[in-house]
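Now for the letters of each chain:
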Amino acid sequence: MATITLPRREHYLNISYGVRSWLLTTDHKRIAILYLITVTIAFALGGLAATLIRLELLTPEANLVSSDDYNKLFTAHGVVMIFFFLIPAIPAVLGNFLVPIMIGARDLAFPRLNLMSWYVFVIAVGLGIYALLTGGVDTGWTFYTPYSTSWANTRVVPVLIAGFIAGFSSIMTAVNFIVTIHKMRAPGMTWFRLPLFIWSMYATSLVIILATPVLGIALMMLLVERVLRVGFFDPALGGDPLLFQHLFWFYSHPAVYIMILPGMAVQSELIANFSRKSIFGYKFVAFASVGIAVFGFLVWGHHMFVSGQSVHAGLMFSILSFLVAIPSAVKVFNWTATLYKGSISLQTPMLYAIGFIGLFTIGGLTGLFLASLATDVHLTDTYFIVAHFHYVMVGATVMAYLGGIHYWWPKMTGRMYPEGPARASALLIFIGFALTFVPQFILGYLGMPRRYHVYVPEFQVLNVMSTAGASVLALGYALPVFYLLASLWTGKSAPANPWGASGLEWETSSPPPTFNFERTPVVVAGPYYFRGPITEQPPAKTTVQEPGGEVH
Amino acid sequence: MSEQTLHHPANLGHHFDTLDQQHSANVLGMWVFLATEVLLFGGLFLAYFVYRTVYHDAFVEGSHHHNIVLGATNTAILIVSSLMMALAVRSAQTNNRRALVLFLALTMVFGLSFLGIKAVEYKEAFDTHQVPGALFQYEGERPELARQVEMFSLLYFAMTGTHAIHMLIGLSIVGFILYRSWRGKYNAAYYTPVELGGLYWHFIDIIWVFLFPLLYLYGRHVAVGG
Amino acid sequence: MPGIPIMPPQASTMAWRVDAVFFALSGLSLFFTLLVFTLVIYFAIKYRRKSENEVPEVIHGDNRLELAWTFIPLGLALAMFAWSGIEYINLNNPPANSMEIYVIGRQWMWKIIHPDGQEEINQLHVPLGRPVKLTMTSQDVIHDFFIPAFRVKADTVPGRYQTMWFEPTQVGEYHIFCAEYCGTQHSGMIGTIYVMEPSAYEQWLASGGRTQAQNAPQISPAQAGELQFATLGCAACHRPEGGGPAPSLVGVYNSDVKLEGGQTVKADDTYLRESILAPAAKIVAGYPNIMQSYQGRVSNEQLDQLLAYIKAQAPAAPSGSGR
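Residues numbered from 1 in each chain as written. Chains lettered and ligands numbered in written order. Predicted model: local features only at pLDDT ≥ 70, side-chain atom pairs only at ≥ 80, totals over all residues.

Observations concerning the overall build of chain B
Part 1 of the reasoning: Helix and strand counts for chain B stand at eight helices and zero strands.
Part 2 of the reasoning: Counted from the first residue to the last, chain B has its helices and strands arranged as α-α-α-α-α-α-α-α.
Part 3 of the reasoning: Counting only C-alpha atoms, chain B reaches 75 × 35 × 30 Å along its principal axes.
Part 4 of the reasoning: Each of the 226 residues in chain B was classed as buried or not, and the buried ones make up 40%. (Helix = DSSP H or I, 4+ residues; strand = E, 2+ residues; numbered from the N terminus. Buried ≥ 20, exposed ≤ 12 C-beta atoms within 10 Å, placed from the backbone.)

Here you go:
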């Protein structure tokens, strides 16, 4: 066994340099980094729009922007955050990086398709942001007809096309995940040895595959109606606007699960690894993911309880919406029970994970108010809805995303981030989030409708409170950008497994080599096994975390 | 070529262990993709069924405006093209390069004929003002149905148009595979792209098999029976 | 105004019934939130990591617990569904003796038509203690008629009629909001509902409301056009002071307009009419071709009013004010 020790170990980041080596890469890890940069830019732009919205809402009158500009701002905020940040964030960044490593594969099944998905995504983001900056769109991200087709005088068409294109990118990623998880697992990696991250990614991919094309065709029908003035949906042209709402929510409700299931994926990893326990009720959590994916397709009508849909349809969608809450509750209880008798370390990722449980519990429970028919009639289209979906999609998902970024940062970059500022940002986000959105629950119950540029004076106090909270939140979100970037230069070198965590990704070096493992791992233990490695170790080989590496 | 497949297969991606694994991954990927395609058309089918339920009479009338002979011919053409495609896959499996090239070429010929006939139908629709929008004119007996008949023809164009776009994509794929077959890239050990192209082609064919009765035959028996 | 508002007024028969469901859900939510928070914090402290190499005992799960926390929440959820569903059915079943009022939404106002033909804009007067059924539609896009104090809300969809009902229980003035986003002035599409003692309502009906409607000053076509100009959204681009994405129309009538490509055209009736119905036909130099056609979206009467308004904006008029 002739081994030569090199001064520097080769890994996926230093194997080649230059812009070309990144823009033409088919390495899933590099593509993940490309996505990380893109979605961070999108998040910043969406956040900027949110900042302007909150500032405008400090007073009941219009001070900062005109009504048209306000309408464009909340549309931009919604479109950018949903299509360009939340939907791709966890799957395309963390999923791309981790799915092959966690199952012991060298790459995703279709590496070139993976790169193409990023390019398609960039085209969509470019087109969308170009349209939003040069004129903007004022339809809201929901594009309800007939406003969007016959009345809006803004750049609806390019934004519709951008949404359509972004969908392709999701679909490519999802096809890749499904095939990879089915066909490329390492020897010994059986379905029930898969980390729960993989189960959730699998469920997410299924939802993307089945829901996204329906949005695609609905957006195209909208486009045809707007451009050619022929009616699918506009009653003035013989169409039915509710048909659009059905098609739209058939995608966009499952889209909520496209955003939250990956959050749950990260959450399961964090909770298990930072309490060094197997997830309590592994199979229940795994099947809860699939259950959410399946039931999530049957509840879209709860967005339409006041839209003129029949009472019977309302009752059906209501009961199904109550049912979809159960698997989510099961997950929360299982995560909580996982902590029992664990060895809990409150490092930054775990703080995010605990924050996730808090925000997701509130977000999920307030969802029941909207599944429930009588209360939904009062609360829908008010700030109660706004607060609810921010709790789920922003509170929970972004908590999980940031928790995941911190947890896998050493693996992705080979550097440790500074613990102090990281804990501070987790705390700021949690507190800022509550301060921003709890007042909005009350505003909604009082009856303040969403998408209001000016509002009646009695709502001001709560709006001021919300804006004050938002400034704390903004600080919390901005902080990680700085210390994480700084850590690339100043951070300590990361060992292969800085957390004492379990999982295949921690049994390769940090950062991993281009093909992820020196040799194909053979899995011999289930997930969340903390008494030793879960792969069969080659007898003579040891220590992958030494600064120098080995080359045969 | 057999020694090529034995130890270091040129067609095997670096991230796969065996050609079998790669083949089954590719085929699964195509099936998953076809699932999204089904749902893409699903949105249009839903719209069709909603409006057909609401505007029944207009849809019966609208489907009469389309040339059933051309539609039926096209259906036959497309089914034959699918057969050609299936034979092409078979030829690849049996290492028959000449037959593979021939059947792929025939698939394209039939596919192009389909589009040609489709173009004739579209032209006819233009000439008789069946195109929805500004040019649309309704000349039937029940003027109150005009808007609803226009909805039918909108759905006709949306559905057959989306299908035609898929035909164009399918033809480019088959063309590409034809070129590669002619260069001798496929054989019994490696024919995955041919099989994938075939799956896509059959999918387009099946969509048409649903479109034809919905758009051409709906309510026909009413006319025939008097 | 002291303190922070936390609850909207309960001013209809359904208000407290909806609130009862709301508070029951709040109670349940609070219980589960506190349960989870307490357990998480308690476990996080009690089982915090003592040494770096600590590996706790393996617990895989407990099926009885899983069943318990699946089926107990399921039972509670089904109970809440049933209760809330019953109230929803109530919300959708107006009593037979309801008085009927029509509501038409349009950008960006509510037009209310009482059974005897009396009309109100952004105001709705109703008597105390009598069920009122609203039959609603929209002239343009989807709006939503929302009265928080009554806990009722329904979309008004063009081409459809929607109904909702309420029975006021408290004299007072309450907000009407448009709750479905409908364009520029969405947040200005608000109104007030006046709940009056039956006797006062009779009086209003007999005198005030009616005389208001009858004595309403006849408005000129130009004034009506000005209203159209605002509600159709023309003013968003054709700003009187200029500088918008489209040319100012102050003084445009009978002036010479320079077109893209160098020609000049006189802005007469025909030109203005064409520019509204087929804006792309002649593009004013220096402005993008972004306006969409209003063909089929304005009636001939509306078109005449718009033209009257454009003509009335004399070249020398000090930027459209003072009328």
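Here we look at the sheet that holds strand S3 (residues 119-121) of chain C
Residues and elements named next belong to chain C.
Part 1 of the reasoning: With mixed pairing, five strands are arranged side by side in an open sheet as S3-S2-S1-S5-S8. Two strands lie at the open edges of the sheet, namely S3 and strand S8 (162-166), each paired on one side alone. On average, adjacent strands in this sheet sit at an angle of 25° to one another, irrespective of strand direction.
Part 2 of the reasoning: In this sheet, S3 lies alongside strand S2 (residues 109-113) in antiparallel orientation, the contact comprising three bridges. The partner of Lys111 across the bridge, within S3, is Ile121. (Pairing = 2+ DSSP bridges. Axes fitted to C-alpha atoms, helices over the stretch in contact; angles between N-to-C directions.)

Re the packing of helix H8 (residues 241-274) of chain A against helix H11 (residues 348-371) of chain A
Residue and element names in this part refer to chain A.
Part 1 of the reasoning: Contact pair H8 / H11: the axes reach a minimum separation of 9 Å and the direction vectors enclose 125°. Judged by the inter-axis angle, H8 sits oblique to H11. When you trace H8 past H11, the crossing you get is left-handed. Contact residues: H8 offers Gly263, Gln267, Leu270, Ile271 and Phe274, while H11 offers Pro349, Met350, Tyr352, Ala353 and Phe356.
Part 2 of the reasoning: Tallied by class, residues from the contact of H8 with H11 come to eight nonpolar, two polar and no charged. (Parallel < 35°, antiparallel > 145°, perpendicular 65-115°, else oblique. Left-handed = near helix turned anticlockwise from the far one by under 90°. Contact = placed C-beta atoms within 7 Å. Nonpolar A, V, L, I, M, F, W, Y, C, P; charged D, E, K, R; others polar.)

Focus on the interface of chain B and chain A
Part 1 of the reasoning: Contacts between chain B and chain A engage 28 residues on the former and 31 residues on the latter.
Part 2 of the reasoning: Listed by contribution, the elements that provide at least two residues to the side of chain B that touches chain A are helix H2 (19-54) and helix H6 (146-182) of chain B.
Part 3 of the reasoning: Broken down by element, the residue count for the side of chain B that touches chain A peaks at 18 residues, all from H2(B).
Part 4 of the reasoning: Looking at side-chain class alone, the side of chain B that touches chain A contains 15 nonpolar, 10 polar and three charged residues.

What about the nonpolar core?
Part 1 of the reasoning: Ranked by size, the top nonpolar core spans 318 residues in total, and within it Ile103(A), Ile198(A), Ala218(A) and Leu155(B) carry the most contacts.
Part 2 of the reasoning: Of the residues forming this core, the biggest block, 24 residues, is contributed by helix H3 (residues 67-103) of chain A.
Part 3 of the reasoning: When neighbours within four sequence positions are excluded, Ala218(A) is seen to be in contact with Phe244(A), Leu247(A), Phe248(A) and Gly43(B). (Core = buried A, V, L, I, M, F, W, Y, C linked by C-beta atoms within 7 Å.)

Some remarks on the arrangement of the chains
Part 1 of the reasoning: The structure contains two pairs of chains in contact, of which chains A and C account for the largest number of contacts.
Part 2 of the reasoning: No interface is formed between chain B and chain C, the nearest pair of C-alpha atoms being 11 Å apart.

What about the interface of chain C and chain A?
Part 1 of the reasoning: On the side of chain A, 79 residues touch chain C, which itself brings 78 residues to the contact.
Part 2 of the reasoning: Looking at the side of chain C that touches chain A, the elements that each hand over two or more residues are helix H1 (15-46), helix H2 (63-91), strand S6 (143-147), strand S7 (152-156), strand S9 (172-178) and helix H6 (234-237) of chain C.
Part 3 of the reasoning: Sort the elements by how many residues they give to the side of chain C that touches chain A and H2(C) lands first, with 16 residues.

Description of the sheet that holds S7(C)
Residue and element names in this part refer to chain C.
Part 1 of the reasoning: A sheet is described by the order of its strands in space; here five strands give the open sequence S4-S10-S9-S6-S7, paired in mixed fashion. Sheet topology places strand S4 (123-127) and S7 at the edges, where each strand pairs with a single neighbour. In this sheet, neighbouring strand axes are inclined to one another by 20° on average, regardless of whether the strands run parallel or antiparallel.
Part 2 of the reasoning: As paired strands, S9 and strand S10 (residues 191-196) are joined by five bridges and run antiparallel to one another. Bridge assignment links Tyr174 to a residue of S10, and that residue is Ile193.
Part 3 of the reasoning: Taken strand by strand, helix H3 (residues 198-206) contacts S4 and S10, and its axis lies near 130° from that of S4.

Describing the packing of helix H4 (residues 68-93) of chain B against helix H5 (residues 97-127) of chain B
All names here are of chain B.
Part 1 of the reasoning: It is the contact of H4 with H5, at a shortest axis distance of 8 Å, that shows an interaxial angle of 165°. Regarding the angle of H4 to H5, the classification is roughly antiparallel. In this structure, H4 meets H5 at a crossing whose hand is left-handed.

Notes on the domain arrangement of chain C
By a widely used convention, the size of an interface equals the accessible area lost when the partners come together.
Part 1 of the reasoning: On domain assignment, one finds that chain C holds domain 1 (99-215) and domain 2 (221-312).
Part 2 of the reasoning: Here domain 1 of chain C and domain 2 of chain C have C-alpha centroids that lie 33 Å from each other. (Domains from an automatic or database assignment.)

As for the pairing of strand S5 (residues 132-138) of chain C
Residue and element names in this part refer to chain C.
Part 1 of the reasoning: The two faces of S5 differ: Val132, Leu134, Met136 and Ser138 on one face are buried, but Lys133, Thr135 and Thr137 on the other face are not.
Part 2 of the reasoning: Pairing of S5 with S8 involves five bridges; the strand directions are antiparallel. Across the sheet, Met136 pairs through a bridge with Gln162, a residue of S8.

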